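# Breakdown of the fold
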Amino acid sequence: MEHAKSGADVLFILLGGIMVLAMHSGFAFLELGTVRWKNQVNALVKILADFAVSTIAYFFIGYGIAYGVGFLTGAEQLAQKNGYELVRFFFLLTFAGAVPAIVSGGIAERARFYPQLAATFLLVGFIYPFFEGIAWNQHYGVQAWLKASFGEEFHDFAGSIVVHAVGGWIGLVAVLFLGARSGRYSKDGKGMTSHPPSSIPFLALGAWILSVGWFGFNVMSAQTLDKVSGLVAMNSLMAMAGGTLAALVAGRNDPGFVHNGPLAGLVAVCAGSDVMHPAGSLVVGAVAGFIFVNMFTLTQNRWKIDDVLGVWPLHGLCGAWGGIAAGIFGAKALGGMGGVTLMSQLAGTALGIAVALAGGALVYGALKATIGLRLNAEEEFNGADLSIHKINATPEN
């Protein structure tokens, strides 16, 4: 029976890893559809190369930092329990690799290729697993202190903070270090050049792939078959619907906003998807949809922060909202399962943001000071496709 259970768990978490791996193609197409045509190839290559670098960094360094497990032993030992630890690594790698995929959307169209790969290695190898170990593996006594102080540990079931907020706030740092795209804003700060999405169909395709894969991201965060819960699936669905409708209304039918709406809702519901009531998840997702539309507009138009895909409002702010919301709508008083407290959620959210800001500043500050982050003016004008990869998405252009 034990062998059958471990085999079932391996298959369960393997399928989850495959679904989240598929989400990386969603990141690629979402970015491809949003950037200008001269940067589409770079979006595709960057996401794939980032994931390959993430795999190396997480296998040799990051997973060990987070969980104290290494793989430099004999294959016979690695294959114990049907190789469960190996597929668990694969599943959690797809989460870790989402961090540079998130950052990629913010720095699109003007970032140099190899410095970003270096940043990916450092983020996935060191910064991300540092906080991952705190939130999900009891490192440094932080969770024990929160429970002793506020009654419950910080709860982040599927990574609203660990993955999304960390990725989004690192993305904000990277965007600020890079600066805006050439010509995006006038020198006097009063004018702005519009860069509409190059392909709404590809943007929509990316959003759909991400939304479907998210049910593996959330549901299979149970990591074993006996802990799986239909509540997580239903909460994910309701948050997706709430985010979509809120973005539809707030964005006044804009297709870019509409297709990011479900993503905003799903980002926010990750943390409390196992403890909230579906009605609460609907509210959480709707609030996230409004947050994304309004904060994307504010950052682009008023604050002149050239975050191309809006990764800070989508992942950074909606993720932070999700971490806090788990402490509100997860409470039994609002129909939730309980086992969460608002103070622990606030503290854990703040810590995740602090780690992201400090780690992002360290990584991107060091790279900017040593090898540089930006394409030069001519390369940026020609586009990352020709400048880096020597071919356009449609060569006749």
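These remarks concern the structure in this document. (Residues numbered from 1 in each chain as written. Predicted model: local features only at pLDDT ≥ 70, side-chain atom pairs only at ≥ 80, totals over all residues. Heavy atoms only, no water.)

### Here's the deal with the overall build of the chain
When helices and strands are counted, the chain shows 16 helices and zero strands. Over its C-alpha atoms, taken along the principal directions, the chain stretches across nearly 60 × 50 × 35 Å. Across the 397 residues in the chain, those meeting the buried criterion constitute 57%. At a minimum sequence separation of 6, the contacts of the chain that also span at least 24 residues come to 79%. Summed over all atoms, the accessible surface of the chain reaches about 15600 Å², with 69% contributed by carbon and sulfur. (Helix = DSSP H or I, 4+ residues; strand = E, 2+ residues; numbered from the N terminus. Buried < 20%, exposed > 50% of the residue type's maximum accessible area, 1.4 Å probe, protein only. Contact = heavy atoms within 4.5 Å. Areas by Shrake-Rupley, 256 points an atom, 1.4 Å probe, with all protein chains shown as cover.)

### Considering helix α5 (residues 98-106)
Most of α5 sits inside the fold, with nine of its nine residues counted as buried. Listed in full, the buried residues belonging to α5 are A98, V99, P100, A101, I102, V103, S104, G105 and G106.

### Some points on a nonpolar patch on the surface
Together, I328, L334, L342, M343 and L346 make up an exposed nonpolar region whose accessible area comes to about 390 Å². Looking at which element gives the most residues to the nonpolar patch, the answer is helix α14 (residues 342-370), with three residues. On the basis of relative accessibility, which here comes to 35%, the residue L342 falls in the partly exposed class. (Patch = residues over 30% accessible without salt bridge, like charges linked within 9 Å, V, L, I, M, F, W, Y side chains within 5 Å. Salt bridge = Lys/Arg side-chain N within 4 Å of Asp/Glu carboxyl O.)

### A look at the pattern of salt bridges
Under the definition given, this model contains nine salt bridges. Taking the shortest distance from any N to any O, the salt bridge between R181 and E109 comes out at 2.8 Å. Of this pair, R181 sits in the loop between α8 (160-178) and α9 (200-219) while E109 sits in the loop between α5 and α6 (113-136); the two residues are 72 residues apart in sequence, bridging distant segments of the chain. What makes R181 buried here is its relative accessible area of 6%.

### Let's talk about the packing of α5 against α6
Running from amino to carboxyl end, α5 crosses α6 at an angle of 140°, the nearest separation of the two axes being 9 Å. Looking at the two axes, α5 sits oblique to α6. Between α5 and α6 lies a crossing of right-handed hand. Residues V99, P100 and V103 of α5 form the contact with α6, whose own contacting residues are Q116, T120, V124 and Y128. (Axes fitted to C-alpha atoms, helices over the stretch in contact; angles between N-to-C directions. Parallel < 35°, antiparallel > 145°, perpendicular 65-115°, else oblique. Left-handed = near helix turned anticlockwise from the far one by under 90°.)

### Overview of unusual backbone geometry
Unusually for a residue other than glycine, K81 sits at a positive phi of about 55°. With respect to the helices and strands, the residue K81 is situated in helix α4 (residues 80-96). K81 sits in the exposed class, given a relative accessible area of 64%. Of note, the phi angle at E109 is positive, near 80°, even though the residue is not glycine. Using a relative accessible area of 2% as the deciding quantity, one classes E109 as buried.

### Here's the deal with the state of the cysteines
Scanning all chains against the criterion turns up zero disulfides. A disulfide-free cysteine, C270 has its sulfur positioned 11 Å from the sulfur of C318, the nearest such atom. Owing to a relative accessible area of 0%, C318 belongs among the buried residues under this scheme. (Disulfide = S-S within 2.5 Å.)

### As for the packing of aromatic side chains
Enumeration over the complete set of coordinates arrives at 22 aromatic pairs. Measuring from ring centre to ring centre gives 5.2 Å for F71 and F89, while their planes differ by 70°; the resulting arrangement is edge-to-face. Taken as a pair, F71 in the loop between α2 (40-67) and α3 (75-78) and F89 in helix α4 lie far apart in primary sequence, 18 residues in all. When its relative accessible area of 8% is taken as the criterion, F89 is described as buried. Aromatic pair W169 and W312: ring centres 5.4 Å apart, planes at 90°, arrangement edge-to-face. Taken as a pair, W169 in helix α8 and W312 in helix α13 (residues 311-329) lie far apart in primary sequence, 143 residues in all. Of the two residues, W169 and W312, neither departs from the other in class, the shared state being buried. (Phe/Tyr/Trp six-rings, centres within 6.5 Å; stacked < 30°, edge-to-face > 60°.)

### Focus on the nonpolar core
Membership of the largest hydrophobic core comes to 104 residues, with the highest contact counts inside it found for Y58, F131, I170, W214, F217 and Y364. With eleven residues, α8 is the single largest residue contributor to this core. Once residues lying within four places of it in the same chain are set aside, the contact partners of I170 are V99, V103, L123, I127, A356, G360 and Y364. (Core = buried A, V, L, I, M, F, W, Y, C linked by side-chain atoms within 4.5 Å.)

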